[in-house]
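Observations on the three-dimensional arrangement
Below are the chains, spelled out letter by letter.
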Amino acid sequence: MEKRCALFSMAPLFLFLCLPFAFAGHDYGQALSKSILFFEAQRSGYLPHDQRVTWRANSGLNDGKTSGVDLVGGYYDAGDNVKFGLPMAFTITMMSWSIIEYGKQMAASGELGHAMAAVKWGTDYLIKAHPEPYVLYGEVGDGNSDHYCWQRPEDMTTDRRAYRIDPSNPGSDLAGETAAAMAAASIVFRRSNPAYANELLAHAHQLFDFADKYRGKYDSSITVAQKYYRSISGYNDELLWAAAWLYHATNNQYYLSYLGNNGDSMGGTGWSMTEFGWDVKYAGVQTLVAKFLMQGKAGHYAPVFERYQQKAEYFMCSCLGKGARNVQKTPGGLIFRQRWNNLQFVSSASFLATVYSDYLASSGRSMKCASGNVAPSELLSFAKSQVDYILGDNPRATSYMVGYGNNYPRQVHHRASSIVSIKVDPTFVSCRGGYATWYSKKASDPNVLTGAIVGGPDAYDNFADERDNYEQTEPATYNNAPIVGILARLNGGHGGYNQLLPVVIPAPNQQKPAPQPKITPAPASTSVPVSIEQKVTTSWIAKGKTYYRYSTIVSNKSAKTLTDLKLTISKLYGPIWGLNKSGDSYAFPSWLNTLPAGKSLEFVYIHSASAADISVSSYTLA
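Let me begin by describing the structure that accompanies this report. In this text the structure is predicted, and so the values were computed from the model without any measurement. (Residues numbered from 1 in each chain as written. Predicted model: local features only at pLDDT ≥ 70, side-chain atom pairs only at ≥ 80, totals over all residues. Heavy atoms only, no water.)

This part covers the sheet that holds strand β3 (residues 162–165). Strand order across the open sheet formed by three strands is β1-β2-β3, with antiparallel pairing between neighbours. Strand pairing shows two members of the sheet lacking a second neighbour, β1 (83–84) and β3, which therefore form its edges. With four bridges joining them, strand β2 (residues 136–140) and β3 adopt antiparallel strand pairing. The partner of Y137 across the bridge, within β3, is R164. (Pairing = 2+ DSSP bridges. Helix = DSSP H or I, 4+ residues; strand = E, 2+ residues; numbered from the N terminus.)

For the rest of this paragraph, the subject is the sheet that holds strand β9 (residues 576–577). The strand order β6-β7-β13-β9 describes an open sheet built from four strands, whose pairing is antiparallel. Every other strand in the sheet has two partners, leaving β6 (530–542) and β9 as the edge strands with one partner each. Note: strand β7 (residues 545–556) against strand β13 (residues 600–607), eight bridges, orientation antiparallel. When the sheet's bridge partners are listed, T552 is paired in β13 with F603.

Our focus in this paragraph is the side chain of D279. Inspection of the secondary structure puts D279 in the loop between α10 (253–262) and α11 (282–294). A distance of 3.2 Å separates a polar side-chain atom of D279 from the backbone nitrogen of I232. (Polar contact = N/O pair within 3.5 Å; in protein donor to acceptor, adjacent residues only side chain to side chain.)

Regions of empty space are outlined by a rolling probe, equal in size to a water molecule, passed over the atoms. Of the volumes computed, that of the second largest pocket is approximately 630 Å³. In this structure, the second largest pocket is lined by 24 residues; those nearest its centre are Q295, G296, K297, S608 and A609. Those elements that place two or more of their residues in the lining of the second largest pocket are α10 and β7. Looking at which element gives the most residues to the lining of the second largest pocket, the answer is β7, with three residues. Along the lines of polarity and charge, the residues of the lining of the second largest pocket split into twelve nonpolar, nine polar and three charged. A domain-level breakdown of the lining of the second largest pocket finds at least three residues from each of domain 1 (28–492) and domain 2 (530–621). (1 Å grid on protein atoms, 1.4 Å probe; cavity = no way out; pocket = protein on both sides within 12 Å on 5 of 7 lines; lining within 4 Å. Points joined across faces, edges and corners; volume = space filled by probe spheres on them. Nonpolar A, V, L, I, M, F, W, Y, C, P; charged D, E, K, R; others polar. Domains from an automatic or database assignment.)

Side-chain pairs of opposite charge can arise where the charged atoms are in close proximity. This model, assessed by the stated rule, comprises 27 salt bridges. Note that R190 and D613 form a salt bridge whose closest N and O atoms lie 3.5 Å from each other. Here R190, found in the loop between α5 (172–188) and α6 (194–213), pairs with D613, found in strand β14 (residues 613–621); they are 423 residues apart in sequence, far enough to count as distant. Salt-bridge contacts for R365 lead to E313; the nearest nitrogen and oxygen are separated by 3.1 Å. In this pair, R365 sits in the loop between α13 (343–363) and β4 (367–369) while E313 sits in helix α12 (residues 302–320), placing the two residues 52 residues apart along the sequence. (Salt bridge = Lys/Arg side-chain N within 4 Å of Asp/Glu carboxyl O.)

Within a regular strand, side chains alternate between the sheet's two faces. Taken across its five residues, β2 has five buried, putting it largely inside the fold. The pairing of β1 with β2 spans two bridges and is classified as antiparallel. In the strand pairing of β2, F84 is matched with E139. (Buried < 20%, exposed > 50% of the residue type's maximum accessible area, 1.4 Å probe, protein only.)

Attention shifts here to helix α9 (residues 236–250). Here α9 is 15 residues long and its end C-alpha atoms lie 21 Å apart, about the 21 Å a rise of 1.5 Å per residue gives. Taken across its 15 residues, α9 has 13 buried, putting it largely inside the fold. N251 sits one or two positions beyond α9 and adopts a positive phi of about 65 degrees. (Expected span 1.5 Å × (residues − 1).)

Right, let's get into helix α3 (residues 112–128). The periodicity of an α-helix, 3.6 residues per turn, causes residues three or four places apart in sequence to face the same way. Taking 1.5 Å as the rise per residue, α3 with 17 residues should run 24 Å; its terminal C-alpha atoms sit 24 Å apart, in good agreement. Burial analysis of α3 places 13 of its 17 residues in the buried class, which makes it a mostly covered element.

Once that is clear, we can look at the packing of helix α2 (residues 85–108) against α5. Running from N to C, α2 and α5 cross one another at 25 degrees; their axes reach a closest spacing of 8 Å. Judged by the inter-axis angle, α2 sits roughly parallel to α5. As for the relative orientation of α2 and α5, their crossing is left-handed in sense. Facing α2, whose interface residues are G85, L86, A89, F90, I92, T93, S96, I99 and I100, α5 presents D173, L174, E177, T178, A180, A181, A184, A185, I187 and V188. Classifying every residue of the contact of α2 with α5 by side-chain character gives 13 nonpolar, four polar and two charged. (Axes fitted to C-alpha atoms, helices over the stretch in contact; angles between N-to-C directions. Parallel < 35°, antiparallel > 145°, perpendicular 65-115°, else oblique. Left-handed = near helix turned anticlockwise from the far one by under 90°. Contact = heavy atoms within 4.5 Å.)

Here it is in structure tokens:
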């Protein structure tokens, strides 16, 4: 649970002292697995049959009942039992972004299914929390009564009141971040669960409209959040963030125009940032918009998007210590923003550096900082150095990921892990009794909170492994979500992926294979009745722009006749021949009613971009 210092306060510049560390390499695959497992320990609600953190049980089963709404599920944010909407939504956005960029690497290590399950646990709850277009529930429980008690989630006796925003009590930051989470997650599920992806997008559109139309800070409406998750940055960053993710998910020009028309007035092109996290999204917006620019999507907004990119690179340079104003670092080289849960800023900044490194590499360019040019590899090396520090390459040789390595925090500030599992001892733990019996116990937690990234060391690399040292020993979901992507990238390598091409997330495989040499994920099964193959047949240059002709072959792989075929086509920017437009879908051309077994249909289209996204939305086999 978070308390906040003043935003944009600039710490003095500390010189980075290169200490003569000598550490063995890290097992990023193991760290990736553990970092995702942590989310299962944070689950609220009815736990599924495949729950792997077995010391947890069902909890919060009446959440929302007094408000007449089902709010069972979702995540506890940190070491407490409150469900805070703003950091939960940011967690889902960042976990989704991790999968969007590095899902192929996760699939290769067998962790993609677990990562997608972690996202869906959050989005299932966010859907419940948005029962009407202009109503969003943003908190269940309150921090004051919760902090008075030290109880397992399974024993909670605290007030579980639900708090909401609506047109009379707006919250543009909360609604905007939730829209961003829904939009980003829709990309994750676009291929494996298109109906669910469409449901998420419908919520995202409504929430963005709600956030933009009824403007206000959410903590002015949900005042119980002020002490823990105050929105100090306001809501302009979340409106831009939501627009960026909705554009990424839909390619709808409305959202591109929103970014272009509002970039200057809402601070997207104005704020020079040195932090990124659940409250302050500007650096994330700037990084995403820079991606759109490098993809060639900016159109006549290119001058505005270039200003976004300049601010994104300002952030990157400051992290590297090569900018006009650099972030503070500890003597051991760790980014230091604040004493309370500092590692949230480390993981978030390192994620932006990782993806921006790959964007630059994919576009074949470098970055210019105040102290000179920076190659993409230097950004990735910086991110790796921060992750390695977290995993144990630091002056204390302490891993700040619980359960990783030999020397990690044993007295985590976390109610569930610090109290014996209800499955081991079902004796009720009372509100104050938990403090007397468990909180004050100077012993290791009875349950290992595997994968949790705690708050971390102070400005001088010092750390005290004590349960009451909540500033350093409390974990949080938003510490882990960004590092999942970095660990997947470090474990799986680049793999030759072009980070500027359309996202293709492979089918998840829940079973983690035995360690083997990395191989490319196998293509989809040939038992699928309809296959789609695309290829470029020619290209040419006109007025300085390269155009491509794409041939698409749709084949009936079944033993029956195919009728009533409907295709969904997105990211199409030019003319198409050989199909009929039917509402939002494409169907057989007028001269063709059926496709016999084993036969194929070809259609073509021309545009100046990567191949369109084409999928089968429905069909009949007769």
